[in-house]
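# Observations on the model geometry
Residues per chain, in single letters:
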Amino acid sequence: VFSWKKVLPYMGVQLLAAFLGGAVLYAAYWDTIQLYEEENGITRGQNNSIVTASVFCAYFPSPGYPLYANNHNDVVSPLKAMAVEAWATGILVFMIFSFSDPNNSSVGRVDRKNKSAVPLLIALTVAVLISLYAPLTQAALNPARDFGPRMFAAAAGWGRIAIPGPKNGFWVYFVGPSIGGPLGGLLYDWVIARVGKSNMKKDPDNLVKL
């Protein structure tokens, strides 16, 4: 139901908001980040600055992952990271569409105005996905969420560590979600939406409980 003419403006505003979010975060913590870099011998823009850059953008594997700390940062390849981001984003989109489906009476009254359980269920889905996949890719699950702050980090001194990033892997967080999101939406349409619409046509007075 989303108009195609709104797609590019919507994406642009998301990127801008994410960029500004990175700027606000940096304004609040710049002195703390700088102190951490000084105390740990981190030179911003060099390979060891990935630890502080990860405040803004995602990396694979997570810089906090023990395998990364033990110099096994090749344990997650760009292809594997892209697949993980695609898979997790697909699950998230499928669950969001399913929870908010107008025929789904299991999460509240069957309309789009009173589905009180939906925000909590989406938040729990995100929490589960992060718990499962953050060690591998930090679970960005949204190109705007990653690339907006990544652009700010590049401008704020992290440079090549932000873009293109280690292994030239910044593209992972574009391509993965861009593949997984639509696939999750298609799966919802095939598995949930069409069944609900078919049942409603047969018996409009019967609420479809998914």
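Here, the structure is the one placed above.
Attention in this report is confined to the structure presented alongside it. Remember, it's a predicted structure, so these values are computed and weren't measured experimentally.

Reading the values: the criteria
- Throughout this description, residue numbers start from 1 for each chain and increase along the sequence as written.
- For a predicted model such as this one, the threshold for reporting local features is a pLDDT of at least 70, and the threshold for listing and counting side-chain atom pairs is 80 or more; totals across whole chains, interfaces and linings nevertheless cover every residue.
- Water and hydrogen atoms were dropped before computing side-chain values, which therefore reflect all heavy atoms in the structure.
- The secondary structure listing takes helices from DSSP runs of H or I that are at least 4 residues long and strands from runs of E that are at least 2 residues long, numbered from the N terminus.
- Exposure is judged per residue with a 1.4 Å probe applied to protein chains only, and the accessible area is read against the type maximum: over 50% gives exposed, under 20% gives buried, and values in between give partly exposed.
- Any two residues whose heavy atoms approach within 4.5 Å at even a single point are treated as in contact.
- To measure how exposed things are, a 1.4 Å probe is used in the Shrake-Rupley method; for residues, cover is taken only from the protein chains shown.
- Only the contacting stretch of a helix is used when fitting its axis, a line to C-alpha atoms as for every element, and angles between N-to-C directions run 0 to 180 degrees.
- Roughly parallel refers to an angle under 35 degrees, roughly antiparallel to one over 145, roughly perpendicular to one between 65 and 115, and oblique to any angle outside these ranges.
- Working rule for handedness: look at the near helix, and if it is turned counterclockwise from the far one by less than a right angle, call the crossing left-handed; if clockwise, right-handed.
- Charged residues are taken to be Asp, Glu, Lys and Arg, nonpolar residues to be Ala, Val, Leu, Ile, Met, Phe, Trp, Tyr, Cys and Pro, and polar residues to be all remaining types, Gly included.
- Whenever Lys or Arg places a side-chain nitrogen within 4 Å of a carboxyl oxygen from Asp or Glu, that contact is recorded as a salt bridge.

Glancing now at the overall build of the protein chain. Within the protein chain one finds seven helices and zero strands. Written out in order from the N terminus, the α and β elements of the protein chain read α-α-α-α-α-α-α. Across the 210 residues in the protein chain, those meeting the buried criterion constitute 37%. In the protein chain, the proportion of contacts linking residues at least 24 apart, taken out of those at least 6 apart, comes to 67%. Put simply, the protein chain shows about 12000 Å² of open surface, and 65% of that area lies on carbon and sulfur atoms.

This part takes up the packing of helix H1 (residues 7-39) against helix H6 (residues 143-158). Put simply, H1 and H6 touch, their axes get as near as 8 Å, and they point 45° apart. Viewed along their axes, H1 and H6 adopt a mutual orientation that is oblique. In this structure, H1 meets H6 at a crossing whose hand is right-handed. Facing Gln14, Leu15, Ala18, Phe19, Gly22, Ala23, Tyr26, Ile33 and Glu37 of H1, the residues of H6 in contact are Ala144, Arg145, Phe147, Gly148, Pro149, Met151, Phe152 and Trp158. When grouped by side-chain class, the residues that make up the contact of H1 with H6 number 12 nonpolar, three polar and two charged.

A few words now on the pattern of salt bridges. Inspection of the entire model under this criterion finds three salt bridges. Asp146 is paired through a salt bridge with Arg150; the nearest N and O atoms lie 2.9 Å apart. With Asp146 and Arg150 both in helix H6 and four residues apart, this pair spans about one turn of that helix. One exposure class covers both Asp146 and Arg150, and it is buried. A salt bridge links Asp189 to Arg194; the shortest N-O distance between them is 3.4 Å. Given a relative accessible area of 25%, Asp189 falls into the partly exposed group. Classification of Arg194 as partly exposed rests on a relative accessible area of 48%.

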